[in-house]
Amino acid sequence: MWSLGKVAVCLPLLVAVTLAQDSMWNNSYFGKWNHNKKSRRQVYNTLIEPQTAGVTEWTSWFNIDHPGGNGDYERLEAIRFYYRERVCARPVAMEARTTDWVRAADTGEVVHSSLEKGFWCINKEQPYGRLCSNYHVRFQCPPVQTYWSDWSPWGPCSAMACSDVGVRVRQRRCISTRPQRHLLAPVCEGHHTERKECATPPCPANWSAWGPWTACSVTCGGGRRVRRRTCVSSNKGQCTGHPAEVQKCARIQCPALCHRVCPEGRPSNDCSRCVCEGHLLLGEVLSLTGAPVAGALVSLADVPKSVHVRTDAKGLFSLRGICSGERTLVTVTKEKFAPVTVPSSSNSTGRSWVRAVVRSSEKPYVVKHPEDKVRYEGQRVAFCCKATGIPAPNKYYWYHNGTLLDRASYKYEEDLVLRDLKPKQSGQYYCKASSDTGSIKSSPAFLTVFDKDSPTCVSVPERHLIKLPMDCVQPGTRSKFYNAGRCPHSKCPGALDFDMRCKDGVGFCCGVKRMETREIDCGSYTLPIRAVTECGCQKCTEPKVLVRGRVVAADNGEPLRFGHIYIGKERVGFTGYQGTFTLQVSPDTERLVVNFVDKTQKFIDTVKVFVFDKKGGTVYHDVKVMRKKEPVNINSKETNTIYLGEIDGEDPIGQIVIPPNSFHKNSGEVYEGTVKASVTFIDPRNITTAPATPGDLNFVDGEGDMLPLRTYGMFSVDFRDETNQEVLGSGAVQVLLDTEHVKMPEHITKMKLWSLNPDTGIWEEESDFNYSRIVSGGNGRSKREERTFLIGNMEIRERRLFNLDVPEDRRCYVKVRAYMSDKFLPTEQLEGVVINLINLEPKPGYTSNPRAWGRFDSVITGPNGACLPAFCDALRIDAYTAYVTALMGGEELEAAPSSPKMNPNIIGVSQPYLDKIDYQRSDHEDPALKKTAFRINLAKPNPNNVEETNGPIYPYQSLIACENAPVDANHFRFFRVEKDKYEYNVVPFQESDLTTWTGDYLSWWPNPQEFRACYIKVKINGPTEVMVRSRNFGGSHPQTKGQLYGIRDIRSTRDMNIPNTSSACLEFKCSGMLYDQDIVDRSLITVMPQGNCRRVGINNLLQEYLTKHPPVLQNNETHTFTMLAPVDPLGHNYGIYTVTDQNPRVAKEIAIGRCFDGTSDGFSREMKSDSGVALTFSCPERTVTRESLFQRLQTNPAQTLSQMARDMRQVAGMQVSRGSAQVVTFPSSLQSRTQGRRVIGASGRRRTSARTQSRP
């Protein structure tokens, strides 16, 4: 036991220690950080002042969430759940860093923190559309804690009487985790008791009963009456409520005087119109095709909500009491039709009439989308949106990062104007247009707002590696690549004169500001290159955007000759004799909908939604159209049934039932003759019809979002009179769908009948389906039996395609990339490749016919591949499968092989996921089939299996993850099948992205709006294929004379019909104007085959042309050919092939196809070496006529060794001069034969010599 004296001595010491520790906290780094946090520009909310004593310490780092979904959440409650003992009860401070060890304050991200809740970051709050980083956090806790316990509940009020005031008390205890000595209590800052005032309930007081109501102040038109009550209380208590109550009364309308003056008749009871007894208004309501519209609501325009009559089955109606002497406006409304208001006509005989033509209603469709904008802080911007529809949209809504903007604050309608911009206003903007028929959302536009002092274009170029020629190896590094630099293709604010336009008049981009010429040391020669040294904000290059293709029949490839091409209601061109077409796409186009119409009526009208490359250039589409079914004669006075689907051995999918007397002419008159009926059905059980799918199988829901459909068949109807001239309409028609073909039970209840809008390419709902059991069969199809059908009703009002579809929400994305070769190098990805995906359902034991397809989609590859939408299933991996193809400029690309052995490194998908999706190329089981497609199971990835979260199939919500997936993530692959080739440009340029073009005298392509490709055909007589190179220099222009433009290498292609012969289609630099469009430069071209080759022939016409267009270059060396490239576009007779196009790849593809074919207008992928040749070289294979070194050592070792010693001494004393090299890439077979060549010396012995060749 301590004495009282010891206690008295220790207490002051403990108080001093406590004060010292408190001072240490305030002066420590952590304390300063905590107190100064309010002055820091970031993230942390105000932290609670710690109630601790002693030196504190930090916990370990915690990271329980990743920034997927909505953001990164490091909740304290969750951390305590997983790590119960590692976080103290009351942390005093918190620190957050990214997993890359960057402080949260330095990331520039908007984050939140609280010592009670933890730390969190929300994706949609981040500027510039960024995503949250991955954070981990730690907490500061005192190792020796003295803290207050929770407050006890408040005690009772000390006052006892009513309406009195008293005090309530609550208490807490000071607790320490370290044991205290006897009689020594722990020390906590603050009070252990807290008091507050309280009051007792008021003394009782009650109201008396209500008195009676007073009389109403008026008798009509609205008045008031009152009743009252009194407060009865003791001890001055007060009653709650009002002593009086007021009520409205006499609400009946007072009779008003009608001032309407009627020329005839009398005013109506409501004084809204004149009524003429005995007068009659007769009316007729027709559709746009002349069909009578039954059940339409007819009302007067003055009182549109008061319906007076409905039209009968013939579209007729009558209204009595309508005066014929005045012009009356009549409003007609009907579901699925746009309301119309028309005036009446009269002949003053007591009768008037009206004829109303109503148009089918159409959902809104956006024709002008907002465009991306870049601005500085403080500037202003305008976003524009315009939608059409029947009726026209009457409401527009604008959203920023998914949040609706307040209309009153921003005062917007179709256009949104933002002034005095701030960086926080960066992000995604889109509009939603609405009408009575529905809504539609525009494509999103991105606004980037830069700080006034921040650079919008970083001047330091990005790293960009250029592949060097095969014979160029840099000493020291031995690298085959060189960093030429490039500028990021991002937009800049620039100097805008008209910043409030919907589209900025001039676009500014981050581009090349300065380049310099460098020399690349290739060991034996040097190679010039123009490298980017500085980037800056400049006017953007605006390349042309083209869509090309060919329209052919789906059954036999017959071209659609001279068909009409419509975009909307405007005819924009015709198809050619071979079915070819070219369309120039407006830069502001977001969705390209094209309608192909055959005026000869051999094919049905086909609507296509084309994908295109917004960065410029041409995308090729192979369009399939369905041949129109031959018409059959039916009697219009009888019930007619037309079957849908004619697959051998299969029952029809459905049928169309047309009641008697349902056909009518355009005038509305009922047609009673013979009808020539043509119904063309696109059967999903026939896989070859999938590419002929019109539209893109999408519909717009009530919120304006575009969603996918799954089809069970489409049909086009064409009814004409017996002369096959006039198109007939049809009234109430029934469409029956056999439920035997709907194998997915959940689809039956969601099945709808849709029609395709030819102007928008969007499917619009026509009607629902109902159950019915009908006896079906006969007509030689199957035995008669009772079946269950889904029955939908429709009217054929205009020429549209109809569809039996269901909305499908089991969706995924499939990642596909295309490469230049089967090496699958990340730097050789192809852009502008059209990837097609057909959804199939393969398993007969599951839910659908094994041959049926349900959807067809196309996507164009970008710099990071493409993500294709597809249906998928999480429960059954084989519920859906996909058939995928790739097309580039009319050329089918090959898929990665799946046989003889499945190689994950080649296919691009790791195991065991590869086995799960069952990848098979089209030739997997039959090597004779083409290799241009693959088939996979669309198994939805399991989020709990890490092996399935890295692609190639992504959930529908992970589109951004799919689009931004790194190249080493799982993906499917296509590649081009072509010979070895290499292209080197002194001024780097990516042909897949025309915006990377740089204006320079040494640019291979001098004009970014027009690209001219030139090829020369070189014939090789020899048993092996050889590499052929063209060196391209400036020839006559003073700025480029003698300077290299670039190098082209290509391996010759074997002619399968001529033995020991191959040919090469070699690209060279065309002559013509350079980028300044001032002086023509005749390019200096040198053609060099590799190895042991000798020129044996020059095309006579080419030789004559070069002679007539001097200067003529001497060709003294037989192993090369040199010329000044012709300015004129010579043809196949000269062996020169020239093609001009707005896309360089298309120009080259066409020129190569003509060169292979040896004609000026043909196209072939098989080399024809006997046609259209410019140069001929003989490249024989050398025979072995001497002994090898090993043989000579065996036969005469002494003489051989002495000869080797003499050779070594001679080589050591020689000075070998190196000039410009001419060596190109050699195949291994020829390299071995060209090494160690010997000559006969004066002594008669063979000696080795170092034979040097000039290189570029």
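Look above for the structure.
All of these numbers come straight from a predicted model, not from anything done at the bench.

Would you explain the overall build of the protein chain in this entry?
Counting secondary structure elements, the protein chain contains 13 helices and 84 strands. Counting only residues that meet the buried cut, the protein chain has 47% of its 1256 residues in that class. The contacts in the protein chain between residues at least 6 apart in sequence include a share of 68% that link residues at least 24 apart. A total of about 62,900 Å² of accessible surface is found on the protein chain, and carbon and sulfur atoms cover 51% of it.

Any chance you could explain the sheet that holds strand 40 (residues 564–567) here in plain terms?
Sheet strands associate in pairs through backbone hydrogen bonding, adopting either a parallel or an antiparallel arrangement. With antiparallel pairing, 4 strands are arranged side by side in an open sheet as 41-40-43-44. Every other strand in the sheet has two partners, leaving strand 41 (570–574) and strand 44 (606–610) as the edge strands with one partner each. Neighbour-to-neighbour, the strand axes of the sheet open up by a mean angle of 30°, direction not taken into account. Examined bridge by bridge, strand 43 (residues 592–597) and strand 44 share 5 bridges and lie antiparallel to one another. If you follow Asn595 over to strand 44, its bridge partner there is Val607.

Teacher, can you tell me more about the side chain of His464 here?
Following the sequence through the fold, His464 ends up in the loop between strand 33 (445–450) and strand 34 (465–467). Dropping the residues within four chain positions of it, His464 is found in contact with Tyr482, Asn483, Ala484, Gly485, Arg486 and Gln990.

Honestly, the pairing of strand 42 (residues 580–585) in this entry has me stumped. Any pointers?
Put simply, side chains in a regular strand alternate between the two faces of the sheet. What you see with strand 42 is a clean split: Phe581, Leu583 and Val585 sit on the buried side and Thr580, Thr582 and Gln584 on the side with no burial. As paired elements, strand 39 (residues 545–553) and strand 42 share 6 bridges and run antiparallel to each other. Among the inter-strand pairings, Val545 is bridged to a residue of strand 42, identified as Val585.

When you look at the packing of aromatic side chains in this model, what are you seeing that I'm missing?
Here a ring pair, both rings aromatic, is described through the centre-centre distance and the interplanar angle of the planes. Evaluated as defined, the whole model comprises 24 aromatic pairs. With a centroid separation of 6.2 Å and 65° between ring planes, the pair formed by Phe596 and Phe610 is classed as edge-to-face. Within this pair, whereas Phe596 is found in strand 43, its partner Phe610 is found in strand 44, the two being separated by 14 residues in sequence. Looking at Phe610, the relative accessible area reads 6%, which means it is buried. Ring-pair connections join several aromatic residues into one group, and the members of that group are Tyr919, Phe934, Phe972 and Phe974. One Lys or Arg, Arg75, reaches over the ring of Trp120 and ends 4.7 Å from the middle of that ring. Looking at Arg811, its charged tip hangs above the ring of Tyr956, at a distance of 3.7 Å from the centre.

When you look at helix 10 (residues 1144–1157) in this model, what are you seeing that I'm missing?
An α-helix turns once every 3.6 residues. As a result, residues three or four positions apart point the same way. Helix length check: helix 10, at 14 residues, gives a terminal C-alpha distance of 20 Å against a target of 20 Å (1.5 Å per residue), a fit within 8%. Among the 14 residues of helix 10, 12 are classified as buried, and the element is accordingly described as predominantly covered. Here helix 10 has its buried residues at Pro1144, Arg1145, Val1146, Ala1147, Lys1148, Glu1149, Ala1151, Ile1152, Gly1153, Cys1155, Phe1156 and Asp1157. Looking one or two residues beyond helix 10, the residue adopting positive phi is Gly1158, at roughly 75°.

I tried to follow helix 9 (residues 1100–1108) on my own but got confused; where do I start?
Taken together, the buried positions of helix 9 are Leu1102, Tyr1105 and Leu1106. One side of helix 9 holds all its buried residues, which, seen down the axis, span an arc of 95°. Set apart from the buried face of helix 9 by more than 90 degrees, the exposed residues are Asn1100 and Lys1108. The inward-facing, buried residues of helix 9 abut strand 80 (1121–1124) and strand 81 (1136–1141). The N-cap residue of helix 9 is Asn1099: its side-chain oxygen and the backbone nitrogen of Leu1101 are 2.9 Å apart.

Please clarify how the sheet that holds strand 6 (residues 135–141) should be interpreted in this entry.
Taken together, 3 strands build an open sheet; the order of strands is 1-6-3 and the sheet is antiparallel. Whereas interior strands pair on both sides, the edge strands pair on one side only; in this sheet they are strand 1 (57–58) and strand 3 (93–98). Examined bridge by bridge, strand 1 and strand 6 share 2 bridges and lie antiparallel to one another. Bridging across to strand 6, Glu57 finds its partner in Cys141.

Definitions and cut-offs
Residues numbered from 1 in each chain as written. Predicted model: local features only at pLDDT ≥ 70, side-chain atom pairs only at ≥ 80, totals over all residues. Heavy atoms only, no water. Helix = DSSP H or I, 4+ residues; strand = E, 2+ residues; numbered from the N terminus. Buried < 20%, exposed > 50% of the residue type's maximum accessible area, 1.4 Å probe, protein only. Contact = heavy atoms within 4.5 Å. Areas by Shrake-Rupley, 256 points an atom, 1.4 Å probe, with all protein chains shown as cover. Pairing = 2+ DSSP bridges. Axes fitted to C-alpha atoms, helices over the stretch in contact; angles between N-to-C directions. Phe/Tyr/Trp six-rings, centres within 6.5 Å; stacked < 30°, edge-to-face > 60°. Lys NZ or Arg CZ within 6 Å of the ring centre and 35° of its normal. Expected span 1.5 Å × (residues − 1). Arc of directions from axis to C-beta. Polar contact = N/O pair within 3.5 Å; in protein donor to acceptor, adjacent residues only side chain to side chain.

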